[in-house]
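Structural characterization, general
If you want the building blocks of each chain, they are given just below.
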Amino acid sequence: MNKDDFLLAVEGLTVSFDGFKAVDDLSFYLEPQEIRVIIGPNGAGKTTVLDLICGKTRATAGSIRFRGKELTKMKEHQIVHAGVGRKFQNPSVFEDLTVFENLEVSYPMGHTVMGSLAFKRDAAVIEAVESVARTIFLHDLLAEPAGLLSHGQKQWLEIGMLLIQKPALLMLDEPVAGMSVAERKKTAELLRVITRDHTVLVIEHDMQFVGDIADRVTVMHQGKVLSEGSIDHVKNDPRVIEVYLGH
Ligand code: ADP
């Protein structure tokens, strides 16, 4: 595969904090429409990799090519416009707004109900909100204030707030943390559906969930790739068992 055929090509990525290499000469490649899960012990550098991709942290060395564009020199908002969406671990939705309004304010054209222009909602926005709401299992709750949703529903809503911006790459940090078993199952379903239009990069600890969703798994340790491949491949890799799964 030509390098620019990958949705994301991370090569030689390195970042040092006061001489400590949190990410150390890391390379990995994402194909369009795959679900990749990054696993590894605490402190392995997983969150820092997502911070580097979305421009929150600047690389000391290396390159991040996304749809043929170099991200390492771009500002955070330019990276968002290039098509990278990032969800942090804790859900952050507008509690006082309804599900509909949370999705509406996230629509990329800046349509908003925060002012007095609610009556101007155009058909394209309504259609996008309703379509995303169905995907995230919240279509029956469009009029519900987000503050009344369960923790899991808030997580889905936040994923929806990203989906409505149509990012080519969606990055999720422990999306099922705090969810019930039933909600985890539905989240796996949700991620499968959205790979029709999006590539998904997930940090996750729950190995059952990793097995349910991952096309490929990248195992990180001390800022480097320790192992990579199918869930079965990495689960049976003695190095992975030694530093991560054996504990
Ligand atoms: P993980 O997500 O795999 O648990 P992190 O990416 O959060 O790991 O952290 C990797 C290492 O980098 C840790 O040792 C952490 O303390 C360090 N680190 C992360 N961000 C910073 C920072 N801004 N300044 C200094 N050290 C950092």
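Keep in mind it's a predicted model, so treat the numbers as computed, not measured.

**Quick word on the environment of Thr14**
- Locating Thr14 in the fold gives a position in strand β1 (residues 8-17).
- Looking at Thr14, the relative accessible area reads 10%, which means it is buried.
- Residues Thr14 and Ala61 lie 47 residues apart in sequence; the distance between their C-alpha atoms is 5.0 Å.
- Sequence-distant contacts of Thr14, defined by excluding residues within four places in its chain, comprise Lys21, Val23, Asp24, Asp25, Ala59, Thr60 and Ala61.
- Here Asp25 takes part through its backbone nitrogen, which lies 2.9 Å from a polar atom of the side chain of Thr14.

**Section: the pairing of β1**
- Taken across its 10 residues, β1 has 7 buried, putting it largely inside the fold.
- Examined bridge by bridge, β1 and strand β2 (residues 20-30) share 7 bridges and lie antiparallel to one another. Residue Val10 lies in a different strand from β2, and its bridge partner there is Phe28.
- The hairpin turn running from β1 into β2, its antiparallel successor, is 2 residues long, and Asp18 in that turn takes a positive phi close to 50°.
- One ladder, built from 5 bridges, connects β1 with strand β4 (residues 61-66); its direction is antiparallel. If you follow Val10 over to β4, its bridge partner there is Ile64.

**Describing the sheet that holds β4**
- The antiparallel open sheet is built from 4 strands, whose spatial order is β2-β1-β4-β5. Among the strands making up the open sheet, the edge pair consists of β2 and β5 (69-70).
- Pairing analysis gives 2 bridges linking β4 to β5, with the strands arranged antiparallel. Residue pairing across strands places Arg65 opposite Glu70, the latter belonging to β5.
- Packed onto the sheet, helix α1 (residues 46-53) meets β1, β2 and β4 and runs at close to 70° relative to β2.

**Digging into the confidence of the model for the chain**
- Here the chain averages 92 in pLDDT, while 94% of its residues score no lower than 70.
- Both scores are given for the predicted complex: the pTM is 0.92, the ipTM 0.96.

**Some thoughts on the side chain of Glu34**
- On the secondary structure map, Glu34 appears in the loop between β2 and β3 (35-39).
- The class for Glu34 is buried, based on a relative accessible area of 7%.
- Of note is the side chain of Glu34, whose polar atom sits 2.7 Å from the backbone nitrogen of Glu31.
- At 3.1 Å, the side chain of Glu34 forms a polar contact with the side chain of Arg36.
- In contact with Glu34, not counting residues within four places along its chain, are Tyr29, Thr195, Thr199, Val200, Asp215 and Arg216.

**A look at the side chain of Asn102**
- Of note, Asn102 is situated in helix α3 (residues 99-106).
- Residue classification places Asn102 among the buried positions, given a relative accessible area of 0%.
- From its side chain, Asn102 meets the backbone nitrogen of Phe94 in a polar contact 2.8 Å long.
- Within the structure, Asn102 has its side chain in polar contact with the backbone oxygen of Leu97 (distance 3.3 Å).
- With residues near it in sequence (within four places) discarded, Asn102 still touches Val93, Phe94, Leu97, Ala146, Leu157 and Met161.

Cut-offs used in this document
Residues numbered from 1 in each chain as written. Predicted model: local features only at pLDDT ≥ 70, side-chain atom pairs only at ≥ 80, totals over all residues. Heavy atoms only, no water. Helix = DSSP H or I, 4+ residues; strand = E, 2+ residues; numbered from the N terminus. Buried < 20%, exposed > 50% of the residue type's maximum accessible area, 1.4 Å probe, protein only. Contact = heavy atoms within 4.5 Å. Polar contact = N/O pair within 3.5 Å; in protein donor to acceptor, adjacent residues only side chain to side chain. Pairing = 2+ DSSP bridges. Axes fitted to C-alpha atoms, helices over the stretch in contact; angles between N-to-C directions. pLDDT = per-residue confidence, 0-100.

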